[in-house]
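Architecture at a glance
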Amino acid sequence: MLGKEVVLVPRPIKTKPQISVAWAFPNSYEIGMASLGYQLVWWLLEQDLDLDVSRVFTNCAESNWQESELVGFTLSWELDFINVLSILKKCAVSPLSSDRTDTCPIVFGGGPALAANPETFADIFDLVLLGDAEAVIPDFLAAWKEIRQITSRQEKLLRLSQIPGIYVPSLYQYKLVSNKGPIESVNPVTDGPPAKPTKRVFDPPADYAAHTLILAPESTWANLFCIEVVRSCPQECRFCLASFLTRPFRASSVETLLQKIDLGLAHTKKIGLLGPSVTEHPKFDQLAEGLMARPDTDISIASVRVDSLNATILNMLHTLGQKSVTMAIESGSERLRTIMKKNLKEEQIWQAVDLIDKTGLSGLKFYGIVGLPEEEDADLQETVRLLTQLKKQYKRLHHVFGVSSFVPKAQTPFQWAGRDRKSGEKLEYVRKNLAKLGIEVRPESHNWSDIQALLSRGDRRLTPLLLQIADGKGNVGAWRQALRNMPENCPDADYYIYRNIPYEETLPWSHLVDEPKAGMLLKHSHTAEQLAGEIPVKLADRK
């Protein structure tokens, strides 16, 4: 697999690299090399002449990685933690930071699942990188070069904890209200570490855009050149981690994007435009026109915002080979979309679908969520009604509905809301009522979503559970059995998964959120509750 790759940028010539780094993706090569974030950090490491960097995956690795002095992971999905532990086992590194000696490698991590709430995995990682990799990785490496000859592991971690954007979990401790109760506070155990570690934000130069650096024919997205068009999203839907974790919203210049795309087109015609909401780019029409001037290009876009679609964008997609359009409407209920701050009217959905049909595209995929905070049965009925009416009106299009159930994410306004215990029933209600119309319904497993919520809102008391799962099969059945027998001094599963957390309670990740952001999240949540009380629950009288 590794031998078939095409490296798109000149790799530096290294004569005497002094520091060995294993950069790991806790899943297969096929999935890892499709990750733009993984490739981005690899390049930040690889450019350093002092570093000998080895890539590691669950099914293959570059040579000599097991002797590395730094072992890093990107964690974009909470459930991949099992593979983090299996990779550590392969290089004979203890799964727990507290058991590692002065001669053991430093285990670091980053990525959205870890940065939002490191506390679930705090006992595994020696340090966690907070914020944009472009800002924190160079400072981390510079600091490591200064301290790597220090014998004491504890001293190294203490010194690293003082670098903005680096969080060392072992230097913080909980004060609990009770053994199985809420956290009262999280504080440093010694002088030196900041009371509130800070997140780093990258201010990109005008000619910057993150993009694929290695074309991997055997990756999930074979030979797809990906480029980040925007980072974060200005809409800030209240459930969305991508919006709130990566703020502020940033967009690369059209000139830069087209220059980088031309680099990719020298090797492949497949171009993927990435971002939480790509068409939010303030000059996306210009980008679309530039892409249409490159007629041999096959374009793919993960998802577009409904109210940003226009004839120029759709003609570009149609001309350059995309057969369908994916849009996240979340719910057919305008009431619920207002509560979650989706800022999307039903008329705009109809207008978008009409444009898609007239442009000649063949398919339409909506993303939706059931079990959102403040959802009523009538809101669910609205989703079925809207998609039914769209299917009947636009019979030519192939209709797909990808639907999941709400998972609360740390550092979002809905972080205090527990999961809906009826999520499974709601998913089945949607599937049953839409599938009979010929709509292809793709529901996500509500059982795995329960587990994802546990990890998303977890804390260090879950460590014995994580180790138990990693030593076993790791399937849903194993999880269910483990959750019925939670570790001693650990709250039950409902505490993490279904409980609505009181606003006054200290969250496991509260010490990682600055006061302005904490206040902003709280205001958002209060506004959602107020809107829920003001907007009546009723079935709309639509087409």
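Since the model is a prediction, treat every value here as computed from it, not as a measurement.

One pass over the structure, following the stated rule, counts 41 salt bridges. Of the charged contacts in the structure, one is a salt bridge between Asp 50 and Lys 145, with a shortest N-O distance of 3.1 Å. Residue Asp 50 is found in the loop between α2 (36–46) and β3 (51–56), and its partner Lys 145 is found in helix α5 (residues 133–147); the two are separated by 95 residues along the sequence. A relative accessible area of 31% places Asp 50 in the partly exposed class. Of the residues examined, Lys 145 reaches a relative accessible area of 33% and is grouped as partly exposed. With a shortest N-O distance of 2.8 Å, Arg 231 and Glu 228 are connected by a salt bridge. Glu 228 gets classed as buried once you look at its relative accessible area, which sits at 17%.

Bringing the sheet that holds strand β4 (residues 70–74) into the picture now. Pairing within the open sheet is mixed, and its six strands lie in the order β3-β2-β4-β5-β6-β7. Across the chains shown, the open sheet's two edge strands, defined by having one partner strand only, are β3 and β7 (166–167). Alignment of strand β2 (residues 19–24) against β4, held across four bridges, turns out to be parallel. Within the sheet, the bridge partner assigned to Val 21 lies in β4 and is Leu 70. Strands β2, β3, β4, β5 (106–110), β6 (127–129) and β7 of the sheet are contacted by α5, whose axis makes an angle of about 145° with β6.

With that settled, consider the pairing of strand β11 (residues 225–228). Residue alternation in β11 divides its side chains into two sets, Phe 225 and Ile 227 and Cys 226 and Glu 228, and both sets are buried. In this sheet, strand β14 (residues 270–274) lies alongside β11 in parallel orientation, the contact comprising four bridges. Within β14, the position partnered with Ile 227 by the bridge is Leu 273.

A word on the environment of Phe 140. Relative to the assigned elements, Phe 140 resides in helix α5. Those residues in contact with Phe 140, other than ones at most four positions away along the chain, are Leu 70, Phe 108, Leu 127, Leu 129, Leu 160 and Ile 166.

With that settled, the discussion passes to the packing of helix α3 (residues 81–90) against helix α16 (residues 463–471). Helix-helix packing: each pair is described by the crossing angle between the helix axes and the interaxial distance. Contact geometry of α3 with α16 gives a least axis separation of 9 Å together with a crossing angle of 75°. Put simply, α3 runs roughly perpendicular to α16. Along its contact with α3, which presents Phe 81, Ile 82 and Leu 85, the element α16 presents Leu 466, Leu 467, Ile 469 and Ala 470. Split by residue class, the contact of α3 with α16 holds seven nonpolar, no polar and no charged.

Residues Glu 374, Glu 376, Asp 377 and Glu 529 make up a contiguous surface patch of negative charge. Relative to the helices and strands, Glu 529 is located in helix α19 (residues 515–534).

With that out of the way, let us pick up the side chain of Lys 156. Mapped onto the fold, Lys 156 is located in helix α6 (residues 153–160). As a buried residue without a salt bridge, Lys 156 has its nearest oppositely charged side chain in Glu 69, at a separation of 6.7 Å. Reaching out from Lys 156, the side chain makes a polar contact with the backbone oxygen of Ile 150 at a distance of 3.2 Å. Excluding its chain neighbours within four sequence positions, the residues that come into contact with Lys 156 are Asp 102, Trp 144, Ile 147, Arg 148 and Ile 150.

The three strands lie next to each other as β11-β14-β15, forming an open sheet whose pairing is parallel. Edge positions in the sheet fall to β11 and β15 (298–301), since each of these pairs with one other strand and no more. With direction set aside, neighbouring strand axes in the sheet form an average angle of 25°.

The next thing to look at is the packing of aromatic side chains. According to the stated counting rule, one finds 16 aromatic pairs in the structure shown. Ring geometry for Trp 23 versus Phe 108: centroids 6.1 Å apart, planes at 10°, classification stacked. Here Phe 108 lies in strand β5 and Trp 23 lies in strand β2, a separation of 85 residues in the sequence. Residue Trp 23 is classed as buried on the basis of its relative accessible area of 3%. Geometrically, the ring pair formed by Tyr 495 and Tyr 496 is edge-to-face, given 5.0 Å between the ring centres and 80° between the ring planes. Judged by relative accessible area, which is 1%, Tyr 496 ranks as buried. Grouping aromatic residues by their ring pairs yields a cluster made of Trp 23, Phe 25, Tyr 29, Tyr 38, Phe 57, Phe 108 and Phe 140. Stacked on the ring of Trp 42, the Lys or Arg Arg 55 has its end atom at 5.9 Å from the ring centre. Just above the ring of Tyr 495 sits the side chain of Arg 499; from NZ or CZ to the centre is 3.9 Å.

Criteria and thresholds
Residues numbered from 1 in each chain as written. Predicted model: local features only at pLDDT ≥ 70, side-chain atom pairs only at ≥ 80, totals over all residues. Heavy atoms only, no water. Salt bridge = Lys/Arg side-chain N within 4 Å of Asp/Glu carboxyl O. Helix = DSSP H or I, 4+ residues; strand = E, 2+ residues; numbered from the N terminus. Buried < 20%, exposed > 50% of the residue type's maximum accessible area, 1.4 Å probe, protein only. Pairing = 2+ DSSP bridges. Contact = heavy atoms within 4.5 Å. Axes fitted to C-alpha atoms, helices over the stretch in contact; angles between N-to-C directions. Parallel < 35°, antiparallel > 145°, perpendicular 65-115°, else oblique. Nonpolar A, V, L, I, M, F, W, Y, C, P; charged D, E, K, R; others polar. Patch = residues over 30% accessible without salt bridge, like charges linked within 9 Å, V, L, I, M, F, W, Y side chains within 5 Å. Areas by Shrake-Rupley, 256 points an atom, 1.4 Å probe, with all protein chains shown as cover. Lys, Arg positive; Asp, Glu negative; His and termini not counted. Charge placed at Lys NZ, Arg CZ, Asp CG, Glu CD. Polar contact = N/O pair within 3.5 Å; in protein donor to acceptor, adjacent residues only side chain to side chain. Phe/Tyr/Trp six-rings, centres within 6.5 Å; stacked < 30°, edge-to-face > 60°. Lys NZ or Arg CZ within 6 Å of the ring centre and 35° of its normal.

Purely geometric numbers; function is a separate question.
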